Structures are given as C-alpha cells and as structure tokens.
2 protein chains.
Amino acid sequence: MPSNSPFSAVNRRALLSTLATLPTLSGALLSASASAQTTKPSDALPSWNDGAAKQAILDFVHLTTDETSANFVPPEDRIAAFDQDGTLWVEHPVYTQIVFCLDRVGDLVKAKPQLRNRQPFKTVLSGDREAIAKLSMREFFEIVLATQSGMDVEAFREDVRKWLAVAKHPRWDRPYTELVYQPMIEVLNYMRANGYRTFIATGGSAGFVGEYSEKVYGIPPEQVAGSEQAFKYGYDKDHRPILTREPKLVLNNLGAGKIQNFFMSYGRRPYAAFGNSSSDDQQMLEYVKAGSGARLSVAVLHDDAKREYAYGPAQGLPNTSVGTFSQQMYDMASRQGWIVVSMEDDWKRIFAFE
Amino acid sequence: MPSNSPFSAVNRRALLSTLATLPTLSGALLSASASAQTTKPSDALPSWNDGAAKQAILDFVHLTTDETSANFVPPEDRIAAFDQDGTLWVEHPVYTQIVFCLDRVGDLVKAKPQLRNRQPFKTVLSGDREAIAKLSMREFFEIVLATQSGMDVEAFREDVRKWLAVAKHPRWDRPYTELVYQPMIEVLNYMRANGYRTFIATGGSAGFVGEYSEKVYGIPPEQVAGSEQAFKYGYDKDHRPILTREPKLVLNNLGAGKIQNFFMSYGRRPYAAFGNSSSDDQQMLEYVKAGSGARLSVAVLHDDAKREYAYGPAQGLPNTSVGTFSQQMYDMASRQGWIVVSMEDDWKRIFAFE
C-alpha cells in the first residue's frame, strides 16, 4: 500500500476511530461491557484481531438484540445480507462461477459447433488466459447464459455439484469451497446465534451458489438472492413435466439490482449488509445504512497481497476484472459511517486451513 | 353437489380409496403404526375428519421423516409449497388483495384525475359490484399495477398493514386474516414440527402477502413467493436512498409461472404442494408429484356451500372469477395420484373462530 495514498492504512484507522466515537456506538460499548451475554463478545470472533472493526460488529449485534436497548430489533426483522464474491470467498483472479462456465464452453461447442468460431467462445477455446481475463462483463454474461441454458434444472444442479467436487483454485490447489474467509464464517455464526437470519445477495446465479451455500455458509438456497435466468415449464419425451433453464435474464443483481431484488424477494430492508465491490455492493450498503435505528454496513478491503490479494483504486492499486473498491465508495463509507475491514489488519487468519 | 356429476362425492371417495392402497402409502401405514412419533398422528390434525385425505398427509410426513424409510428426505430438502387464495384462506367473492387495490382506486384518481374516466378505473369508481366482479384478470392486473406503484416500498408496507387492520370480509364481518382455514394451519404446524420448511406460492403480490404471513401462517416474508413488481433505486429530495415500486411486472406467478418462479427463487422442487386452482396451481401440483421418491400433491375442493363456498366445474358448478377446480385438473389428480380434499367431508371445522 503506497504510504502517500489518501486511502492508506493510517487514514483507514483514522476513519475507524472516528466511527468508534459515534454516540450510538460508544453507548453500545458501555452497555456491552455492563451486561451478560450468551456468547462472550471476545470469544465470538476469534479470527478477528481486536480493533474498531471487530468491536463495531459486536456492538451492533448487542445493540439490536438487547431488549433494553432503544435500538432493539425484534427477531422477525433481524435480516443480514452478505455479498459472496470477495466478501465470503476469494474472487480473484476471476469469479468462481465464471470459471465453471468457461469449463463448460468445450461441451457447449460440441453441441453447437456453429459457436466455435464466434466470439467470445473462440477466445475461451483458445486457452489464452490473458485474452480471456480481458473479456468484458457483457461477454462473460453471454458465456453464462449460453452455458447455463437449455438443460433440465435438476440436471444443472447435478452438474454444479460434480464440478465443485473436482475443480480447484490454481493458487491454493484446493476446492473453491475451502477458500471461504474464516472471519466471515464466524460473523455468520455469531449473527445467527443472536437471532439474525443470514442471506446471500450475489451478482452470481442463485442456482449456482445455492448448491453449496448450506454446506459452506449454513445458508439454505432459499436465502440466496442472485441473478436469475427464466425457467420454462414443459414435458419431456416421456410426457413427464420438466423445467428447463432459458437463456433469458429475469433478475439482474448487478449494481443497484442487488438491493432492488433483495427487498423485492424478501420484503424488507436488511439491518446489516456486508460487501466489497463498488460496482455491485455500493447501493446495498448505502441503502442498509440509511435505514432507521441501528444499521451496520461493512465493506471488506482487499489489502492483503501476501495472504490473499490486494487490488482496487481505494488503495491506489490498479483496477481488476473482479469487484473493486473505488475511491468514491471509500468516501461514501467514511461519510455514511460504514465499517471498512482491512483483511491485512483486522483478520488474524484468512482461511480455516491456515 | 349434483349426484349425476362424474365428480360426485362418491367418485371422489373412490379416488381416495384407490390412492390409499398404492404400495408406498400402504407401506407407510404399516410403518406409521409400528413406530413411536413425537406428535401422535391422530392428534396432529384435530380439525380434520378421519379419512383417506388426512391419512395420506400423515403417511407422507411419516414416510419422508422416518430415517428407516426408503423415502426418507434429509431435513435440508424438506420443502412444502402452499398456494394462498382458496388454499389457506377464503378467496370468494374476490381475491383479498384485489379488494385492497379496489379500495385504493379512489386515492389513485385523486392523484391522477386523468384516470377517472378511463376503464377499468371508471367501473371501479361506479361502485357497481356486479360490473366490478366481471372485470377480466388483465383489467385486475392493470388495477394492481396502478395502485401498487409509484410509492416508497416501505410506505407501501405501512399501507398494507393499515388496511389489513380495518378491512373486513362482507360475509363474516371479520378481518380477512381471520378467514384462514384452521385445518391448513394445522398442516403447516404439523409439517414444520417434522422438519419441513413451509413456503407460500401465490399468484398475488409477495409484498402484500408478506406483511401478514409470519403472524397468520408462521411463514416469514422471505418464504413467500409471489408475483413481483420491479423496485427502482433512487434518492428522495433529502438525498436519502429510496426504493420505489414500479408499474412493471418482473415475476408473473400465474399458471406455470408459479412453479417456474418457485424453483428459480428457492433452488429446489418441493416435496409437497397444496393448491386449489386449475389456472394457477395445476402445473405446481403436477411437477411436485412427478418428482422422485415420495411426493405429496393436495388439491382443495370448495364443495361446502354452507360453511364456506361451493364453486367450479369439477362439481358441475359454474365457474367464478376466482380460482376454479376444472374437470381437467380433477382427471389429472386422479391419474397422477394427488389427494383431493373435500372441505365438506374432510374438514371438521373451517375457521378457528367457529
């Protein structure tokens, strides 16, 4: 991290220390230390270093679940939304679901040879990683729709499970489902232990993420809000009713779509939201924080080049093809009182296997 | 019920007795009587008369939750979908949500006077009940979109709650939320007590039903799948982020749309489904029943003119503007082994207040 960046670690700490002195939070600090809790706050997040970010999460949960608090939230309204890529698991160098789709292009062109010489499929088949990484989001979407359509919805579920069982991340040589951030798993468990229902709000396909979300995050598929393709009712050759995945986007969870579709699907504004990407989480984090009473918006900053990755303009680093933390979002976080989590400073460890 | 109808009570009973002798169900009868259960089956559904319909529900739940059963379903897959109008509560003489929207037309034309002399608003304002009842579903949809759009999504939630607190059904002079079928409430509770997660799959707006579903049915808003209007992100005059309801249908849950959108949103085929309408539940019931292993599809027949209503061609009665039970669906139920519930014969009482 360049020390002359306006978003240096020092400035980030200054931001956090400002947040820690906000009236509601300092009140929470007092009441938290004065009351007995089922889970001692100090034990609830063992993979977090002590600091303002960890404390803000503990304080928020205490403040909203303590019946004597002015900010008490009844259990039926305790809703927390988590972005997935870059917030719950690794998104570098390319979103896992995109890797899944790229791996399916070979079979796709066998079935539809006319695609072999058409872009973006031709680039994918070339195997040129650099060229593939440079494909636009529109081209990635074209690949997603082409490789996730035309089959029975239950056959697709099976395909996802089979791929997840064998695919590995090139850097760690481990299944993608092991590359989840242990500190965030602890936040999920801690919030659920305090009556929060946890949801995923992802730009990816709910039909992909839902196949492992329960096992990996403890979040059942019905609590995964994602981009969605149309399903079409029909009958197979044996006259059995089937649902087929169609190459038509019904819900687009990118940008503001994420919070638009979340509220539409689940009927409420979350009390807490966690994200990391300016392009896809900014509106969700802004909207959640703007709600009445105590609200928690948390943005994860990828600033740990050694243990994970460091990227994004908020640290003066180059943009990447995956979700980035822009300067504009950093300013918004500061102005609106979000919590910015430094992976380098706030997380004692990144993965469970470390 | 005309005795010469091919869908007379006698034939319905013949169908049920055929179902009761199917191999899987007779196996369930044996194992149910041989094993101890937390809830004694005979006590679980007290508002149901003993009979083939009640027994089929008890057997299905036992069969899919007994770990020694070949049809055991792991808890994470125990999903049951319930239509609302006509299945969980009264839909006659007009869907409750439509009444809510009709009640809003007055305020709508105050804000948009140009609609006053336009159809279908003109008919609604005339107060001519007969003419209003004859409006087409397309015209009702126009009224729904017009009266549920343009406002902040949280303000709309408040409107729904206020209306529900004062609106009453003309026949019983009671709040609509009391006109829920007690036997179905018992089914919801019984299935949940056995590890099933219960969902509503309605043709109505999820944003309407979700406002009372938790209190009335024990089903949280995130487990209500309904027709959905687009939400749009923006800012109010004080630069606060808001979501606005748009007059644009994103998810249409009518017809096959109900099961298409259910699977799309929740990622799985339910193991059990309950409905009553040929136009909106038929594909869901067919698709659920066609799944592997033990599956339960239940269709409620409105044949109790005295305690509730009797309507629909399956009983040789006239069609109505609300969901009807067609002869085609009756044949399908018979052929595919659904359970048909007679409100008159199978339900000891209809409402909790009786």
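Residues numbered from 1 in each chain as written. Chains lettered and ligands numbered in written order. Predicted model: local features only at pLDDT ≥ 70, side-chain atom pairs only at ≥ 80, totals over all residues. Heavy atoms only, no water.

## As for the overall build of chain A
For step 1, the next point in the chain: A tally of regular secondary structure across chain A gives 16 helices and 9 strands.
For step 2, the next point in the chain: Counted over contacts in chain A with a minimum sequence separation of 6, partners at least 24 positions apart contribute 68%.
For step 3, the next point in the chain: Surface summary for chain A: the accessible area is close to 14,200 Å², and the carbon and sulfur share equals 52%. (Helix = DSSP H or I, 4+ residues; strand = E, 2+ residues; numbered from the N terminus. Contact = heavy atoms within 4.5 Å. Areas by Shrake-Rupley, 256 points an atom, 1.4 Å probe, with all protein chains shown as cover.)

## What about the relation of the copies chain B and chain A?
For step 1, the next point in the chain: It takes a turn of 180° to lay chain B on chain A, together with a shift of 0.0 Å along the axis; the resulting RMSD is 0.0 Å. Such a turn and shift between the copies fits a two-fold axis. Identified as the residue of chain B closest to the rotation axis by C-alpha distance is V250 of chain B, at 3.6 Å.
For step 2, the next point in the chain: Of the residues that chain B buries at the interface, 100% are likewise interface residues in chain A, meaning the two copies contact each other through the same surface. (Least-squares fit on C-alpha atoms with pLDDT ≥ 70 in both.)

## A look at the confidence of the model for chain A
Residue and element names in this part refer to chain A.
For step 1, the next point in the chain: Averaged over all residues, the pLDDT of chain A is 89; the fraction at 70 or higher stands at 87%.
For step 2, the next point in the chain: Counting contacts from residues 1-37, a segment whose pLDDT is below 50, to residues more than four positions away or on other chains yields 58 contacts.
For step 3, the next point in the chain: Listed scores for the predicted complex are pTM 0.89 and ipTM 0.88. (pLDDT = per-residue confidence, 0-100.)

## Quick notes on the interface of chain B and chain A
The accessible area lost on association of the parts is a frequent measure of interface size.
For step 1, the next point in the chain: On the chain A side, the residues contacting the 39 residues of chain B number 39 residues.
For step 2, the next point in the chain: Both sides together, the interface formed by chain B and chain A hides about 3,400 Å², and carbon and sulfur atoms give 58% of it.
For step 3, the next point in the chain: When the buried surface of chain B facing chain A is broken down by residue, E222, Y233 and M264 of chain B rank first, second and third, together holding 21% of it.
For step 4, the next point in the chain: Where chain B meets chain A, there are 7 salt bridges.
For step 5, the next point in the chain: Ionic pairing is found between E222 of chain B and R197 of chain A, a salt bridge with its closest N-O pair at 2.4 Å.
For step 6, the next point in the chain: Remark: the boundary between chain B and chain A carries 18 residue pairs in polar contact (both at pLDDT 80 or more).
For step 7, the next point in the chain: Counting residues per element, the ones that place at least two in the side of chain B that touches chain A are α9 (153-166), β4 (197-205), β5 (224-235), β6 (241-251), α13 (257-266) and α14 (282-289) of chain B.
For step 8, the next point in the chain: Looking at which element gives the most residues to the side of chain B that touches chain A, the answer is β5 of chain B, with 8 residues.
For step 9, the next point in the chain: Its residues assigned to classes, the side of chain B that touches chain A comprises 22 nonpolar, 5 polar and 12 charged. (Buried area = accessible area lost by both parts, 1.4 Å probe. Salt bridge = Lys/Arg side-chain N within 4 Å of Asp/Glu carboxyl O. Polar contact = N/O pair within 3.5 Å; in protein donor to acceptor, adjacent residues only side chain to side chain. Nonpolar A, V, L, I, M, F, W, Y, C, P; charged D, E, K, R; others polar.)

## Some details on α14 of chain B
For step 1, the next point in the chain: Most of α14 of chain B sits out of view: 6 of its 8 residues are buried.
For step 2, the next point in the chain: Taken together, the buried positions of α14 of chain B are occupied by Q282, M284, L285, E286, Y287 and V288 of chain B. (Buried < 20%, exposed > 50% of the residue type's maximum accessible area, 1.4 Å probe, protein only.)

## Re helix α15 (residues 327-336) of chain B
All names here are of chain B.
For step 1, the next point in the chain: Along α15, the residues classified as buried are M329, Y330, M332 and A333. The buried residues of α15 occupy an angular sector of 160° when the element is viewed end-on, so they sit on one face.
For step 2, the next point in the chain: One or two positions beyond α15, positive phi appears at G337, with a value near 80°. (Arc of directions from axis to C-beta.)

## Examining the side chain of S227 of chain B
For step 1, the next point in the chain: Residue position: S227 of chain B is located in strand β5.
For step 2, the next point in the chain: A distance of 2.8 Å separates the side chain of S227 of chain B from the backbone oxygen of G203 of chain B, its partner in a polar contact.

## Here we look at the packing of helix α14 (residues 282-289) of chain A against helix α15 (residues 327-336) of chain A
All names here are of chain A.
For step 1, the next point in the chain: At their nearest, the axes of α14 and α15 sit 11 Å apart, and the two run at 10° to each other. Of the possible angle classes, the one that applies to α14 and α15 is roughly parallel. Packed against α14, whose contacting residues are Q282, E286 and K289, the element α15 presents Q328, M329, M332 and Q336 at the interface.
For step 2, the next point in the chain: Tallied by class, the residues present in the contact of α14 with α15 amount to 2 nonpolar, 3 polar and 2 charged. (Axes fitted to C-alpha atoms, helices over the stretch in contact; angles between N-to-C directions. Parallel < 35°, antiparallel > 145°, perpendicular 65-115°, else oblique.)

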